[in-house]
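One letter stands for each residue in the lines below.
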Amino acid sequence: MARAYASIVLNAPVETVWSIVRDFNGLPGWAPAVIRSKIENNLDADVVGCVRSFHLKNGTHVRERLLMLDDARHCLSYNFETPAFPVGNYLATLRLYPVTHTDRTFAEWEATFDEAPSDQGKYVRIVSNDVFAANFQSLAALIARRKPARPKGAVRWVGHQPNKVWTSRVIKAPVDKVWSVMRNFAGMGKWHDEITHMRMLKRQRPDKVGGTRDFYFGDGHINEELLHLCDLTRSFSYRITKCDIPWMNYVSGPRLWPVTADNTTFGVWTGDWVASPQDDVVLIPRTEENVYQRAFATLELNLTGKGRTKGTTRIVKRRR
């Protein structure tokens, strides 16, 4: 099974970008190779199961069926009904994520399919570069030229936010370089300016799932257990087992994606816990800014050779 992939950071909020790409019949407006398109059987473009029939500038006729459209998660999937290339079992998905640090959008486009043995790698390169990456660059130019406004009444998280804290940032370093540092569960003390005396208890390896790291965050003493570590998705999660902050059932973790357009990294960090509403008024914004966003920022400074940031802030005032 072959996989094509491209990603980019677009200079517009996710609601704005989604209003453009969710139109399954809208490719002629931002895909440079598409000259005309229609939805068959007079269906609306947001009817799951509808087929878009379009022509490329080279005369190729393509038909694609909408298999999934998700306004809550800002993603859609489709397959080939009349293929653009001689591949089998083609399934493509386009996803958008908000970059909360700068109110931009991370967009990724991927497809899996079967290639003939004689074509190995050929259509991976064509789909990744000539279709997905080229369309993303055209979309970025359209956004820069028109500067579209956020749709009136648009809601970022339909229903509710997926986590108590969901925050993201672009890190100006290649994803494999970022992950090689982040996957060390006992390594944050070397690059995060708030963390000191970090070590694994019982001399366990930092990549041992179930292992516990012991450290100080400012003057607070914390233990965290590694719940999962995945080199495929470049992600890990952990839970707090010892802490003087007034929360329970704390589970958190980051995930990284490659930004193929400029060889940088898109990172998301999420957190969930149980606390009183009064404490959450303080805990939620301080955890987002002083823990997750600060971790991404100080890691970028470390990787780009600019050193550690200065200053110490607490997540929440210690109770006496």
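Below, the structure is looked at part by part. (Residues numbered from 1 in each chain as written. Predicted model: local features only at pLDDT ≥ 70, side-chain atom pairs only at ≥ 80, totals over all residues. Heavy atoms only, no water.)

Points about the sheet that holds strand S1 (residues 2–10)
In step 1: Taking strand neighbours across the sheet as the criterion, the seven strands line up as S1-S7-S6-S5-S4-S3-S2 in an open arrangement whose pairing is antiparallel. Looking along the sheet, the strands with just one partner apiece sit at the ends: S1 and strand S2 (34–39). Geometrically, the sheet is characterised by an average inter-axis angle of 20° between neighbouring strands, direction not taken into account.
In step 2: Sheet analysis places strand S4 (residues 61–70) next to strand S5 (residues 75–82), joined by seven bridges and oriented antiparallel. Following the sheet pairing, Asp-70 is matched in S5 by Cys-75.
In step 3: Seen against the sheet, helix H2 (residues 122–146) touches S1, S5, strand S6 (88–99) and strand S7 (104–114) and runs at an angle of roughly 15° to S1. (Pairing = 2+ DSSP bridges. Helix = DSSP H or I, 4+ residues; strand = E, 2+ residues; numbered from the N terminus. Axes fitted to C-alpha atoms, helices over the stretch in contact; angles between N-to-C directions. Contact = heavy atoms within 4.5 Å.)

A word on the side chain of Glu-15
In step 1: When you line up the elements, Glu-15 lands in helix H1 (residues 14–21).
In step 2: A residue is classified by how much of its surface remains accessible, and Glu-15, at 9% relative accessible area, is buried.
In step 3: Within the structure, Glu-15 has its side chain in polar contact with the side chain of Arg-150 (distance 3.4 Å).
In step 4: When residues no more than four places from it in sequence are discounted, the contact partners of Glu-15 are Arg-150, Pro-151, Ala-154, Val-155 and Arg-156. (Buried < 20%, exposed > 50% of the residue type's maximum accessible area, 1.4 Å probe, protein only. Polar contact = N/O pair within 3.5 Å; in protein donor to acceptor, adjacent residues only side chain to side chain.)

What about the nonpolar core?
In step 1: One finds Trp-30, Tyr-90, Phe-113, Phe-132 and Leu-139 to be the most contacted residues of the largest nonpolar core, which totals 44 residues.
In step 2: With seven residues, the top contributor of residues to this core is H2.
In step 3: Beyond its immediate chain neighbours, meaning those up to four positions away, Phe-113 contacts Met-1, Ala-2, Ala-4, Val-87, Gly-88, Asn-89, Tyr-90, Tyr-123, Val-124 and Val-127.
In step 4: Within the second largest apolar cluster, 35 residues are counted, among which are Val-165, Ala-173, Leu-229 and Tyr-238. (Core = buried A, V, L, I, M, F, W, Y, C linked by side-chain atoms within 4.5 Å.)

Regarding the pairing of strand S13 (residues 248–259)
In step 1: As paired strands, strand S12 (residues 235–242) and S13 are joined by three bridges and run antiparallel to one another. Paired with Tyr-238 across the bridge in S13 is Ser-252.
In step 2: The turn joining S12 and S13, which pair antiparallel and follow one another in sequence, is formed by five residues.
In step 3: Two elements, S13 and strand S14 (residues 264–274), share ten bridges in a ladder whose sense is antiparallel. Bridge pairing in S14 links Ser-252 to Gly-271.

Observations concerning helix H4 (residues 277–303)
In step 1: In this model H4 runs 37 Å from its N-terminal to its C-terminal C-alpha over 27 residues, within 8% of the 39 Å that 1.5 Å per residue would give.
In step 2: Along its length, H4 shows its largest kink, about 40°, at Arg-294.
In step 3: One or two steps after H4, the chain reaches Gly-305, where phi turns positive at roughly 80°. (Expected span 1.5 Å × (residues − 1). Bend = angle between axes of the 7 residues up to and from the residue.)

Quick notes on H1
In step 1: For H1, the tally of buried residues reaches seven of eight residues, placing the bulk of the element in the interior.
In step 2: On the buried face of H1, the contacting elements are S1, S4, S5, S6, S7 and H2.

What to know about the packing of aromatic side chains
In step 1: Within this structure, the stated rule accounts for 25 aromatic pairs.
In step 2: Note on Tyr-97 and Phe-266: the rings are 6.0 Å apart at their centroids and 40° apart in plane angle, and the pair reads as tilted. One end of the pair, Tyr-97, is in strand S6; the other, Phe-266, is in strand S14, and 169 residues separate them in sequence.
In step 3: Taking the relative accessible area as the measure of exposure, Tyr-97 reaches 18% and is therefore buried.
In step 4: Between Trp-109 and Phe-132 the ring centres are 4.6 Å apart and the planes differ by 10°, which places this aromatic pair in the stacked class. Of this pair, Trp-109 sits in strand S7 while Phe-132 sits in helix H2; the two residues are 23 residues apart in sequence, bridging distant segments of the chain. Taken individually, Trp-109 and Phe-132 each receive the classification buried, so the pair is uniform in this respect.
In step 5: Aromatic ring contacts, followed pair by pair, group Trp-179, Phe-185, Phe-236, Tyr-238, Trp-247, Tyr-250 and Trp-273 into a single cluster. (Phe/Tyr/Trp six-rings, centres within 6.5 Å; stacked < 30°, edge-to-face > 60°.)

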